[in-house]
Amino acid sequence: MTPALLQSVRDAVGEVRSAAPLVQCVTNSVVVNFTANALLAIGAAPAMVDIPEESGVFAAVADAVLINLGTPNAEQRAASVEAVAAARAGGTPWVLDPVAVGVLPVRTALAHRLLDERPSIVRGNPSEILALAGAGAGGRGVDSADGVDDALEGALSLARSTGAVIAVSGAVDLLTDGERVVRIANGDPLLTRITGGGCALGAVLAAFAGAHPDRFEASVAAVAAYTVAAELAARGADGPGSFAVGFLDALASLDGATVAERIVLS
Amino acid sequence: MTPALLQSVRDAVGEVRSAAPLVQCVTNSVVVNFTANALLAIGAAPAMVDIPEESGVFAAVADAVLINLGTPNAEQRAASVEAVAAARAGGTPWVLDPVAVGVLPVRTALAHRLLDERPSIVRGNPSEILALAGAGAGGRGVDSADGVDDALEGALSLARSTGAVIAVSGAVDLLTDGERVVRIANGDPLLTRITGGGCALGAVLAAFAGAHPDRFEASVAAVAAYTVAAELAARGADGPGSFAVGFLDALASLDGATVAERIVLS
Amino acid sequence: MTPALLQSVRDAVGEVRSAAPLVQCVTNSVVVNFTANALLAIGAAPAMVDIPEESGVFAAVADAVLINLGTPNAEQRAASVEAVAAARAGGTPWVLDPVAVGVLPVRTALAHRLLDERPSIVRGNPSEILALAGAGAGGRGVDSADGVDDALEGALSLARSTGAVIAVSGAVDLLTDGERVVRIANGDPLLTRITGGGCALGAVLAAFAGAHPDRFEASVAAVAAYTVAAELAARGADGPGSFAVGFLDALASLDGATVAERIVLS
């Protein structure tokens, strides 16, 4: 990691807190509460506007948009298309989180359609990234049968074909813009023992992209902040219930210096 | 605050616990879990019946109804109209929480339609109340760009035109029935750092209205109880995660004497 | 309880953890987050796939399916029918949780239709079981006006007519396959003070049925594990908020020996 990239990690947390970016989420019913709370904790302003005739209106004023395909009912699908069109038209960064893509037909069709609209960032587990890249069969829900480096070639090719930063989530997180590759080895296994551990990261990626113009730097900072908060929370946790609570507390008190100090590259 | 009003605050918490009012909520996906838990904690019985052909049936037997427009999908919109018609027909108190009204077209149209059905209580932030009163442009989601006293004239006029008690949420809460005005200065900023801090208050207002016949007294008691619980929870919190947990604990152990003792008028 | 049944209780917790059954849930918006977290805590892999054209595809690969009728919007109703057809075709165990059946028309019609598809397990409160058995008028939401033994005859008759194990939830839990009857007296009243206390048990029943082939043994083990975890969590709780957190922690650290030691039959 270059010194400039490390400096941007240090700065970006404060930028999110001072900008309080308005992050519109079209996300799944399972994690919507945790996602909103994670955004509030990191200093962003969440707005879960996810119905047709409103999502485009809102995306036009939002600072960033998250489209998560976890429970894509018909209204959310239409709202996603609307929101993405407005985000693209306004040059607003937007994140695609293609939950369980490759396995399930409705969301897979939608994910490919949305991919054509040039997301700023795509976040997924290795199986999901491989499925989007046309190189795998997809996962079984939010689990992933593949390791993060199994998805490296797929992530590079997806980054190049779409122009997006690809954030592959795993025990080590891998980020690439098609040229640079960064691997971050922070985090805690407890993040995989609560629902929304990955999905809320998608929203936090949007928040950082809404506050920090360079998308690769924003993505690296978001993943670092998120996984460092998980480490801090894990120290005081008795299990997944108390971990989720402590994670929101840790996100809320996090500062950029702590993130930059604790970041572990691999 | 008159001694009679203070006595009603003292009494109403116990009345909620002994009556265990059945509170039907048509509310948004983000806060529905926290709202149900807040209702259980204060002693009410929540029922999130929010689909057409059921919501009217249920509203006819509920003790109070909450309509929150946070994520108003098509079925919820139809269910809201049904529930409100049944509540009005049965003389059942109902609360309107017009989340983000004024900004977004679908919910704004619905809010105005519902307003004609004479809600018992309207709860919102200053921007939302001003938007409903026809005096403002609305907020950006649940945030509010206006202070609570900026909404005083709008709240008074809305109370007079609709017959509802208006509860304006902010650092100080303002309540009016169009004649009386009460300002309550309890609460904690952490309430704004968790999602549902305002939305669950709408449900608690419904619970108090379902247990205590005088709507203005019920509204004052609900806001006082809710914000005092927030203060008690904030004392032991390390951040928004632990605050949300402690808030439910505090609501569950709250008694009317504590609320009456701690209430701060301004 | 026979020694063989007690041994299966002891074994089943470990079987869930080693098999990590993929449990598909079509469940209500109120409890979907808590349910997913409870499944993760006990060692299962939750997947909330609940839209048409996907739910049948997923049920064909899931290890177990839960259908909970708490907020049955139109897409969930279609998805339920699809998922149940696929589960039945594949011999996959599935659980029906008929929330508020008997009171509300849409879900009552669906519950009866689904009952014809031979669920493996039906979980409900006494009023719901009586309503399904044709012997009662149903409850008011998730509350129950009837005691668990008031539902004994209804549960026996429902078990015999459908072939399902019937799990009746209350201060004492009653389970029957139409021949055997087991009553488990573990648990804590705090389970009724949080939303999803019953609904998440439906999902945990599915998880155990997905890991342990004998459905009656699986059901007894699931109820015992769930209610023992509630007891352990209640010891450290200051109220319903901290109880919910501690409950997930307790589920995550539970082992079969503890469950078998602490189980109280009545």
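Throughout this document, residue positions are counted from 1 along each chain, in the order its sequence is written. Chains carry letters from A onward and ligands carry numbers from 1 onward, assigned in written order. A pLDDT threshold of at least 70 governs which residues receive local features in this predicted model, and a stricter bar of 80 or more applies before side-chain atom pairs are shown or counted, although totals over entire chains, interfaces and linings include all residues. Side-chain descriptors were evaluated using all non-hydrogen atoms of the structure, hydrogens and water having been removed beforehand.

Colleague: Which parts of the structure should I look at to understand the overall build of chain A?
Modeller: For chain A, the helix and strand inventory stands at 11 helices and 8 strands. Only the C-alpha atoms count toward the radius of gyration. The rule for a globule is 2.2 Å times the residue count to the power 0.38. Expected size for 266 residues packed as a compact globule is a radius of gyration near 18 Å; at 16 Å, chain A falls within 12% of this value. In terms of overall dimensions, chain A has C-alpha extents of about 40 × 35 × 35 Å along its principal axes. Counting all 266 residues of chain A, 64% fall into the buried class. For chain A, the share of sequence-separated contacts (at least 6 apart) that also reach a separation of at least 24 residues comes to 72%. Only the protein chains shown count as covering a residue, and every accessible area follows the Shrake-Rupley method with a 1.4 Å probe. By element, 51% of the accessible surface of chain A is carried by carbon and sulfur atoms, the whole surface being about 8100 Å². In chain A, 16 positive and 28 negative side-chain charges are present, and the distance between their average locations comes to 3 Å. Note on conventions: DSSP H or I runs of at least 4 residues are helices, E runs of at least 2 residues are strands, and numbering of each starts at the N terminus. Think of it in three bands: residues with accessible area under 20% of the maximum for their type are buried, residues over 50% are exposed, and the middle band is partly exposed, with areas taken using a 1.4 Å probe on protein chains only. The contact criterion used throughout is that any non-hydrogen atoms of two residues lie within 4.5 Å. None of His or the chain ends enter the tally, which takes Lys and Arg as positive and Asp and Glu as negative. To locate a charge, the coordinates of NZ of Lys, CZ of Arg, CG of Asp or CD of Glu are taken.

Colleague: Which parts of the structure should I look at to understand the pairing of strand S5 (residues 121-124) of chain A?
Modeller: Both faces of the sheet carry side chains from a regular strand, because those side chains alternate between them. Residue and element names in this part refer to chain A. A two-sided burial pattern is seen for S5, the buried positions comprising Ile 121 and Arg 123 on one face and Val 122 and Gly 124 on the other. Any two strands between which DSSP finds at least two bridges are classified as paired. Across 2 bridges, strand S4 (residues 94-97) lies against S5 in parallel orientation. Residue pairing for S5: Leu 96 is matched across the bridge by Val 122. The β-α-β motif built from S4, the intervening helix H5 (residues 105-115) and the parallel element S5 has right-handed crossover chirality. Where S5 and strand S6 (residues 165-168) come together, 4 bridges link them in parallel fashion. Residue pairing for S6: Val 122 is matched across the bridge by Ile 166. Consider the strands pointing away from the viewer: the crossover is right-handed when the path from the first strand over the helix to the second runs clockwise.

Colleague: Hey, could you run me through the UniProt feature "binding site: ATP" (unreviewed entry) in chain A in this one?
Modeller: Residue and element names in this part refer to chain A. UniProt positions are given in the numbering used here, feature names are shortened, and annotations may be inferred rather than shown by experiment. Following the UniProt record, the feature "binding site: ATP" (unreviewed entry) maps to Arg 123 and Ser 169 here. Judged by maximum C-alpha separation, these annotated positions cover 47 residues in sequence but sit close together in space, the widest gap being only 7.2 Å. Its location among the elements puts Arg 123 in strand S5. You can call Arg 123 buried: its relative accessible area is 6%. Of the residues examined, Ser 169 reaches a relative accessible area of 16% and is grouped as buried. Under this definition, polar contacts are N or O atom pairs within 3.5 Å; protein pairs additionally need one hydrogen-donor-capable and one acceptor-capable atom, and for neighbouring residues in sequence, both atoms have to be side-chain atoms. Polar contacts involving the side chain of Ser 169 include one to the side chain of Arg 123, which spans 2.6 Å.

Colleague: Is there a simple way to think about the relation of the copies chain A and chain B in this case?
Modeller: In this structure, two copies of a chain are linked by a rotation about an axis accompanied by a shift along it. For these two chains of identical sequence, chain A goes onto chain B by a turn of 120 degrees and a shift of 0.0 Å along the axis, with RMSD 0.0 Å. One copy is carried onto the other by what is essentially a three-fold rotation axis. Among all residues of chain A, the one whose C-alpha sits closest to the rotation axis is Ser 29 of chain A, at a distance of 3.7 Å. Comparing interface residues between copies, only 4% of those in chain A also sit at the interface in chain B, which points to a heterologous contact through distinct surfaces. Superposing copies: least-squares fit, C-alpha atoms only, residues required to have pLDDT of at least 70 in both.

Colleague: Can you walk me through the packing of helix H9 (residues 215-235) of chain B against helix H10 (residues 240-253) of chain B in this structure?
Modeller: The relative placement of two packed helices comes down to the angle between their axes together with the axis-to-axis distance. Residues and elements named next belong to chain B. For helices, the fitted axis covers only the stretch in contact; all axes are lines through C-alpha atoms, and the angles between them, taken along N-to-C directions, range from 0 to 180 degrees. Their axes nearest at 8 Å, the elements H9 and H10 cross at an angle of 125 degrees. In terms of orientation, H9 lies oblique with respect to H10. Note that H9 runs across H10; the crossing there is right-handed. Between H9 and H10, the residues in contact are Ala 225, Tyr 226, Ala 229, Ala 230, Leu 232, Ala 233 and Ala 234 and Phe 243, Gly 246, Phe 247, Ala 250 and Leu 251, respectively. Convention used here: angles under 35 degrees read as roughly parallel, angles over 145 as roughly antiparallel, angles from 65 to 115 as roughly perpendicular, and any remaining angle as oblique. If you view the pair so one helix is near and one far, a crossing is left-handed when the near helix is turned anticlockwise from the far one by less than a right angle, and right-handed when it is turned clockwise.

Colleague: Explanation requested: the interface of chain A and chain B in the structure shown.
Modeller: For interface size, the figure often reported is the accessible area lost on association. In this assembly, 23 residues from chain A lie in contact with 28 residues from chain B. Defined here as a combined quantity, buried area equals the accessible surface (1.4 Å probe) lost by two parts on assembly, summed across both. Across the interface of chain A and chain B, roughly 2000 Å² is buried in total on both sides, 61% from carbon and sulfur atoms. By definition, a salt bridge exists where a carboxyl oxygen of Asp or Glu is found within 4 Å of a side-chain nitrogen of Lys or Arg. Counting across the chain A and chain B interface gives 1 salt bridge. One can count 10 residue pairs in polar contact (both at pLDDT 80 or more) joining chain A with chain B. Contributing elements (two or more residues each) for the side of chain A that touches chain B: helix H2 (32-42), helix H3 (55-59) and helix H10 (240-253) of chain A. With 6 residues, the top contributor of residues to the side of chain A that touches chain B is H2 of chain A. Partitioning the side of chain A that touches chain B into residue classes produces 16 nonpolar, 2 polar and 5 charged. Three classes are used: nonpolar for Ala, Val, Leu, Ile, Met, Phe, Trp, Tyr, Cys and Pro, charged for Asp, Glu, Lys and Arg, and polar for all others, with Gly counted as polar.

Colleague: Honestly, the environment of Trp 94 of chain C in this entry has me stumped. Any pointers?
Modeller: Residues and elements named next belong to chain C. Tracing the backbone shows Trp 94 in strand S4 (residues 94-97). Here the alpha-carbon distance between Trp 94 and Ser 219, two residues 125 residues apart in the chain, equals 12 Å. Residues contacting Trp 94, with those up to four places away along its chain left out, are Val 65, Ile 67, Val 84, Ala 87, Leu 114, Glu 117, Arg 118, Pro 119, Ser 120 and Ile 121.

Colleague: How should I be thinking about the pattern of salt bridges in this particular structure?
Modeller: Pairing is possible between side chains of opposite charge, provided their charged atoms come close. Inspection of the entire model under this criterion finds 18 salt bridges over all chains. Two residues, Arg 88 of chain B and Glu 117 of chain B, come together in a salt bridge whose shortest N-O distance is 3.1 Å. Residue Arg 88 of chain B is located in helix H4 (residues 74-90), and its partner Glu 117 of chain B is located in the loop between helix H5 (105-115) and strand S5 (121-124); the two are separated by 29 residues in the primary sequence. What makes Arg 88 of chain B partly exposed here is its relative accessible area of 43%. Residue class for Glu 117 of chain B comes out partly exposed when judged on its relative accessible area of 27%. Glu 231 of chain C is the salt-bridge partner of Arg 262 of chain C, the closest N and O atoms lying 3.1 Å from each other. You can see Arg 262 of chain C sitting in helix H11 (residues 256-262) and its partner Glu 231 of chain C sitting in helix H9 (residues 215-235), a full 31 residues away along the chain. Taking relative accessible area as the criterion, Glu 231 of chain C reaches 17% and is therefore assigned buried.

Colleague: Just checking my understanding: could you explain the UniProt feature "binding site: substrate" (unreviewed entry) in chain A for this structure?
Modeller: Under the present numbering, the feature "binding site: substrate" (unreviewed entry) in UniProt falls on Met 48 and Gly 196 of chain A. Positionally, Met 48 of chain A belongs in the loop between strand S2 (45-47) and H3. In contact with Met 48 of chain A, other than residues within four places in its own chain, are Cys 25, Val 32, Thr 35 and Ala 36 of chain A together with Val 30, Gly 70 and Thr 71 of chain B. On the secondary structure map, Gly 196 of chain A appears in the loop between strand S8 (181-184) and helix H8 (199-211). Judged by its relative accessible area of 7%, Gly 196 of chain A falls in the buried class. Sequence-distant contacts of Gly 196 of chain A, defined by excluding residues within four places in its chain, comprise Val 31, Phe 34 and Tyr 226 of chain A.

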